[in-house]
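Descriptive analysis of the structure
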Amino acid sequence: MGQLGRLVELGEGDLTALQALFERCSAFFQLVHGAPPARGAAARWLAEAVPGKAPADRRAFALRDDEDRLVGAVDVVRDHPCAGEFWIGTMIIEPSIRG
């Protein structure tokens, strides 16, 4: 893995790489959900809605290394739990680059 390069918004075109990241981070899914990530977990995560919030209030970002590989993902929700605050939801980081 290269050095962390940039943060970019995730989209439908990232689903294959995102699903692969989820599978490399299977220990997280096992701990939180009691099972490895299911097929389609990335698509479901990307489409998740936050109750009481507009879809545009939740944004999902990819952490890409300097070789453009997806090495992390994070989602944030604007004005949650109250106005002017941002809530960080899921943050997944490639096991091989964790310190």
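Residues numbered from 1 in each chain as written. Predicted model: local features only at pLDDT ≥ 70, side-chain atom pairs only at ≥ 80, totals over all residues. Heavy atoms only, no water.

What the protein chain contains, in helices and strands, is three helices and four strands. What you see for the protein chain is a C-alpha radius of gyration of 14 Å, in line with the 13 Å of a compact globule of 99 residues. Summarising its shape, the C-alpha atoms of the protein chain cover approximately 40 × 30 × 25 Å along the three principal directions. Sorting the 99 residues of the protein chain into buried and exposed places 33% on the buried side. Within the protein chain, counting contacts between residues at least 6 apart in sequence, those at least 24 apart form 52% of the total. Carbon and sulfur atoms make up 57% of the accessible area of the protein chain, which amounts to about 6100 Å² in all. In the protein chain, which carries 11 positive and 14 negative side-chain charges, the distance between the mean positions of the two groups comes to 3 Å. (Helix = DSSP H or I, 4+ residues; strand = E, 2+ residues; numbered from the N terminus. Rg over C-alpha atoms; globule rule 2.2 N^0.38 Å. Buried < 20%, exposed > 50% of the residue type's maximum accessible area, 1.4 Å probe, protein only. Contact = heavy atoms within 4.5 Å. Areas by Shrake-Rupley, 256 points an atom, 1.4 Å probe, with all protein chains shown as cover. Lys, Arg positive; Asp, Glu negative; His and termini not counted. Charge placed at Lys NZ, Arg CZ, Asp CG, Glu CD.)

This part is about the pairing of strand 3 (residues 70–78). Most of strand 3 sits inside the fold, with eight of its nine residues counted as buried. Two strands pair when backbone bridges link them, and strand 2 (residues 58–65) and strand 3 are joined in this way by seven bridges, in the antiparallel orientation. When the sheet's bridge partners are listed, Leu 63 is paired in strand 3 with Gly 72. Between strand 2 and strand 3, which pair antiparallel in sequence order, lie four residues; one of them, Asp 68, sits at a positive phi of approximately 70°. Bridging between strand 3 and strand 4 (residues 86–93) involves six bridges; their strand directions are antiparallel. Residue pairing in the sheet places Val 74 in a bridge with Met 91 of strand 4. (Pairing = 2+ DSSP bridges.)

Attention shifts here to the side chain of Arg 64. Looking at the secondary structure, you find Arg 64 in strand 2. Of note is the side chain of Arg 64, whose polar atom sits 2.8 Å from the side chain of Asp 14. (Polar contact = N/O pair within 3.5 Å; in protein donor to acceptor, adjacent residues only side chain to side chain.)

Topologically, Arg 58 is positioned in strand 2. Of the residues examined, Arg 58 reaches a relative accessible area of 10% and is grouped as buried. A polar contact of 3.2 Å, which involves the side chain of Arg 58, links it to the backbone oxygen of Leu 46. Residue contacts for Arg 58: discarding those within four places in its chain leaves Trp 45, Leu 46, Glu 48, Val 50, Asp 75, Val 76 and Val 77.

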